[in-house]
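A closer look at the structure
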Amino acid sequence: MKTFSIDYRSPPSGLGQIINTDFPPIPDHMILVSYTGCGMKDDPIYSHTIFIDHPECEIEGWIGPALPQLIQSLKTLGVTEVYDSEEGFNHPDMCDDRHHFKLQDWIDIVSQYC
């Protein structure tokens, strides 16, 4: 299973990681997700980096303007769940007790902010 673990407070390192739970959670098996103003285009620590180049993200200071690109990347890579501790506190009825959301439920929540 592939999980996107988002970290809203991780700049400048990136937005989060895509973790394949079939492998140990080490950078060799993780994909960094970053965007303009938040992380590197190609972080050599990770097996791969998804860099969303969207100038408005840097201006606004968050991924919101490029949320459709992020969602498409997650779907293309086969992500099925999202770990989001902040939204887990805001929407405990939509996630499990460890704050894991089904991808579509998470998309429905964060899309409200755009």
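Please refer to the structure placed before this passage.
Below or above, wherever it landed, is the structure these notes cover. For clarity, every value in this text was computed on a predicted model and none was experimentally measured.

1. Considering the sheet that holds strand β1 (residues 2–6)
Read across the sheet, six strands follow the order β4-β3-β2-β1-β5-β6 without closing on themselves; strand pairing throughout is mixed. The open sheet has two edge strands with one neighbour each: β4 (48–52) and β6 (100–102). Averaged over all pairs of adjacent strands, the angle between their axes in this sheet comes to 25°, without regard to strand direction. Two strands pair when backbone bridges link them, and strand β3 (residues 30–35) and β4 are joined in this way by five bridges, in the parallel orientation. Within the sheet, the bridge partner assigned to I31 lies in β4 and is H48.

2. Details of the nonpolar core
F4, L15, I18, I63, L70, L74 and W106 are the most contacted members of the largest nonpolar core, which totals 26 residues. Looking at this core, the elements with two or more residues in it are β1, β3, β4, α2 (67–76), β5 (79–83) and α4 (103–111). Not counting chain neighbours up to four residues away, the residues in contact with F4 comprise L15, G16, Q17, I18, V33, L70, L74, V79, E81, V82, Y83 and W106.

3. Description of the layout of surface pockets
Of the pockets and cavities examined, the largest pocket occupies roughly 180 Å³. Looking at the largest pocket, it is lined by 13 residues, and the ones nearest its centre are Y8, Y35, G61, W62 and I63.

4. Quick word on the side chain of S5
Relative to the elements of secondary structure, S5 occurs in strand β1. By relative accessible area, which is 15% here, S5 ends up buried. Leave out the neighbours within four places in its chain, and S5 touches L15, G16, Q17, I19 and Y83.

5. A closer look at the packing of α2 against α4
Across the interface, α2 lies against α4 with an axial gap of 12 Å and an inter-helix angle of 175°. As the angle between them shows, α2 and α4 are arranged roughly antiparallel. Every residue of α4 that contacts α2 at L67, L70, I71, L74 and K75 is listed here: L103, Q104, W106, I107, V110 and S111. Class assignment of the residues belonging to the contact of α2 with α4 gives a composition of eight nonpolar, two polar and one charged.

6. Points about the environment of E86
One can find E86 in helix α3 (residues 85–90). Linking E86 and A66, residues 20 residues apart in sequence, is a C-alpha distance of 20 Å.

About the criteria used
- Residues numbered from 1 in each chain as written.
- Predicted model: local features only at pLDDT ≥ 70, side-chain atom pairs only at ≥ 80, totals over all residues.
- Heavy atoms only, no water.
- Pairing = 2+ DSSP bridges.
- Helix = DSSP H or I, 4+ residues; strand = E, 2+ residues; numbered from the N terminus.
- Axes fitted to C-alpha atoms, helices over the stretch in contact; angles between N-to-C directions.
- Core = buried A, V, L, I, M, F, W, Y, C linked by side-chain atoms within 4.5 Å.
- Buried < 20%, exposed > 50% of the residue type's maximum accessible area, 1.4 Å probe, protein only.
- Contact = heavy atoms within 4.5 Å.
- 1 Å grid on protein atoms, 1.4 Å probe; cavity = no way out; pocket = protein on both sides within 12 Å on 5 of 7 lines; lining within 4 Å.
- Points joined across faces, edges and corners; volume = space filled by probe spheres on them.
- Parallel < 35°, antiparallel > 145°, perpendicular 65-115°, else oblique.
- Nonpolar A, V, L, I, M, F, W, Y, C, P; charged D, E, K, R; others polar.

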